[in-house]
Structure formats: structure tokens, C-alpha cells
Amino acid sequence: MTSTVATTATSHVEAQRTPMSPGVFRVVVAITAAVTMAAVVAPPSDTVSVAVVMVVVAVLGIPHGAVDHLVAAALGSTAPTRLTRSAATPIRPLRFHLAYLAAMLAYGLVWLAIPAVALAGFLLLSVHHFGQSDLASLQLDRWRQGAIQLSRGLFLVGLVLVANLAAVSPVIDRMGGFDPSAWAWLAGHTAAWSLVLVGQHLVIGLIVGAQVRDREIIRREAIAVIALTALFVAADPLIGFALYFGLWHSLNHLGVLAEVLGHRSGSAALAPRQLARLAAPRSVASLAALAILIGGAAALDQTELVVPVALIFISMLTLPHMIVVERLWKAIRLETPSGQRPI
């Protein structure tokens, strides 16, 4: 079992030093730039923003976590030895799904009991998860890797919130019961805080970048920071979040999954159609649950709760998903010889 994980991890890291292929990266940057310019010329309506978020969540966001049970199988935990169904499937996968649901429900109870704590937890989870998703493939030493991932997460989550504080504060108030626009130290200095968030990432990136020998990685990261900064500052926060969540975070992770699950099934990588087929059952179930929650808000004539409800549901999915992803990158780091790291 250890050799299987080692082979999967090593092959995966070799393929994922630059997680997106150059062609996909260019397309993602071009779309990001186009949306940024469109937002400046003709800001979208609230209806359009919400619709974009829902489409992105449905097409890329939820599917990127819908094969977590198979990732656990690839790490040798609880699933069958093949990725296909069989009559001999052991009971252990049921335990995995029950634990996944239990984590979601537990977090949901925190939202009901102490929403401010749940919101703070969601933001912290997002900082870690987004930073790790973007940069874990660097495979630097522990301290540099931790610093650059934390810096990236603060940049991503912080800039979306701070640069659009007036628009984001009502949503935060409905979710957590507090209004950050009332904090003078923040609301009166959003431009300065935005510069701090971007600046700290650039500084830490320059320090860490000195250890990265592959100059192509440095060039791509510089382009990514410029493109995302412009997007988060210029675009509606829902549009900015949706674009990052779908095209930068989820699409990148789907590429990682294609590699990991492909090696598990004996091929170089799963084709997009294969991955979509594997993700479909749990994606449909999650989308149905989300639709019920949003439909309930609409039926009660509480349309202002649509976005908060969607974000809370995403947060409930994020907790167990992040645990699985954490195990994935830990296995890759432990099983990859240091000489193969791009530093």
C-alpha cells in the first residue's frame, strides 16, 4: 500500500509542478482580464452576479469536491481497490460518507448556535484551503511553504472582502451578525488595507521565490497576482469570487484529481469526461440540497438570504473536503523525494 501511494504521489508531483497547463493558464488569465474590463465598462446587475455564482458553483465548484471519497481511496483509506463499482465493495466507504455528513452537520449546528464563530472559522478555512490549493505544488520546505500559502490565502480572501467592504458587509451581517463596515479602523482605510494585503504577498513571494529555480513558476505567479488583484478590485465581489473559485481554484484542483485518480486506476490521467462521470452522483445530490435551501428562502420571500445560504452550504462542504485535501498533500509531501522538488 505504501508503494502505491508513493507511486501516485511521485507521479502526481512530477505532473503538477505547474498545476495548469500553459494553454489552460493563458485562457484563464484571458477570461479573468476580460471579466475585469467588462466590470469596469458595464457593472453587472445583482441578478447577473448571483446567476454567475450559481452556475460556477454548479459546474465547477461542487464537482471539485464530489470525488473526495475516491481521493481517500487513492490514499489507501476506505474504498475498493478499483474506481469502478463492484458487488464486493466493502462497507467502509459508508463510514467515510457518514463521517463526511457528520462534519457537515456539526458545522451547520455551529452556524445555528454561534454564527459569528462559524463565519470566522469559514474565513480561516478559506485562507488555508485556497492558499494550499494554489501553491502546495511548490513543495518547498515547511516554513517557506507555510508562509507563502498563508500569504496567498490572506491575499485572496482579504482582498475580496476589504476592497469591496460596502458591498460585502450586508452579507457578512446576515451570516455572522456583525457589520465590518462599522469598524472605523477598517472602513475608513480600505485602500490602505488593500495595499497591505497585496504588498505582504508580493514581499513574501519575493523572499520565497529566491528558492524556486523554475523561473516559469515565478512568471506565472506574478501574472496570477496581477490578474487577481485587478479582478477583485474592479469587479463585483460575487463575480470576482465566482471567477477565482471556478477557474483558478476548482479547475486547478480538478486537474490534480485527474492525475491522482488516473494513476490509481492505472492510466496517466483521467479524461475530463471520466472525471465528470465520477463526480456526477454526489454533485447532483449536493446541488439538490442547495436548491432546496435556496428554494426555501425564495418561498419565504427572503431572497436577500440566497447568497448567505449558498455560502453557508459551501462552508459546510468545505470542512470535510479540506480534511481530505490536507491528507492528499501530506501524502504527496511525505512520499516525494526532496530532489524532485522544484526548488
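Residues numbered from 1 in each chain as written. Predicted model: local features only at pLDDT ≥ 70, side-chain atom pairs only at ≥ 80, totals over all residues. Heavy atoms only, no water.

Engineer: Describe in detail the nonpolar core, supporting the description with residues and values.
Structural biologist: Ranked by internal contacts, the top residues of the largest apolar core, which has 80 residues, are Trp111, Leu228, Phe232 and Trp248. For this core, the element with the highest residue contribution is helix 14 (residues 306-335), accounting for 15 residues. Apart from residues no more than four positions distant in its own chain, Leu228 is found in contact with Phe155, Leu156, Tyr244 and Trp248. One finds Leu140, Val208, Val212 and Ile217 within the second-largest nonpolar core, a separate group that totals seven residues. (Core = buried A, V, L, I, M, F, W, Y, C linked by side-chain atoms within 4.5 Å. Buried < 20%, exposed > 50% of the residue type's maximum accessible area, 1.4 Å probe, protein only. Helix = DSSP H or I, 4+ residues; strand = E, 2+ residues; numbered from the N terminus. Contact = heavy atoms within 4.5 Å.)

Engineer: So what about the packing of helix 10 (residues 190-209) against helix 11 (residues 215-234)? Which residues, and what values?
Structural biologist: Here helix 10 crosses helix 11 at 180 degrees, and the two axes come no closer than 12 Å. By the angle between their directions, the pair helix 10 and helix 11 is classed as roughly antiparallel. Only Arg215, Ile218, Val225 and Thr229 of helix 11 make contact with helix 10, whose side of the interface consists of Val198, His201, Leu202 and Gly209. Here the residues of the contact of helix 10 with helix 11 sort into four nonpolar, three polar and one charged. (Axes fitted to C-alpha atoms, helices over the stretch in contact; angles between N-to-C directions. Parallel < 35°, antiparallel > 145°, perpendicular 65-115°, else oblique. Nonpolar A, V, L, I, M, F, W, Y, C, P; charged D, E, K, R; others polar.)

Engineer: Before we move on, could you go through the packing of aromatic side chains and cite the residues and values that matter?
Structural biologist: The final tally for this structure, using the stated rule, is 11 aromatic pairs. Between the aromatic rings of Phe155 and Phe232, the centroid separation amounts to 6.5 Å while the plane-to-plane angle is 50 degrees, which identifies the pairing as tilted. Remark: Phe232 occurs in helix 11 and Phe155 occurs in helix 7 (residues 142-162); sequence separation between them is 77 residues. Residue classification places Phe155 among the buried positions, given a relative accessible area of 0%. Classification of Phe232 by relative accessible area gives buried; the value is 2%. Judged by centre distance (5.8 Å) and plane angle (10 degrees), the ring pair of Trp183 and Trp185 falls under stacked. (Phe/Tyr/Trp six-rings, centres within 6.5 Å; stacked < 30°, edge-to-face > 60°.)

The analysis is restricted to geometry; functional conclusions fall outside its scope.
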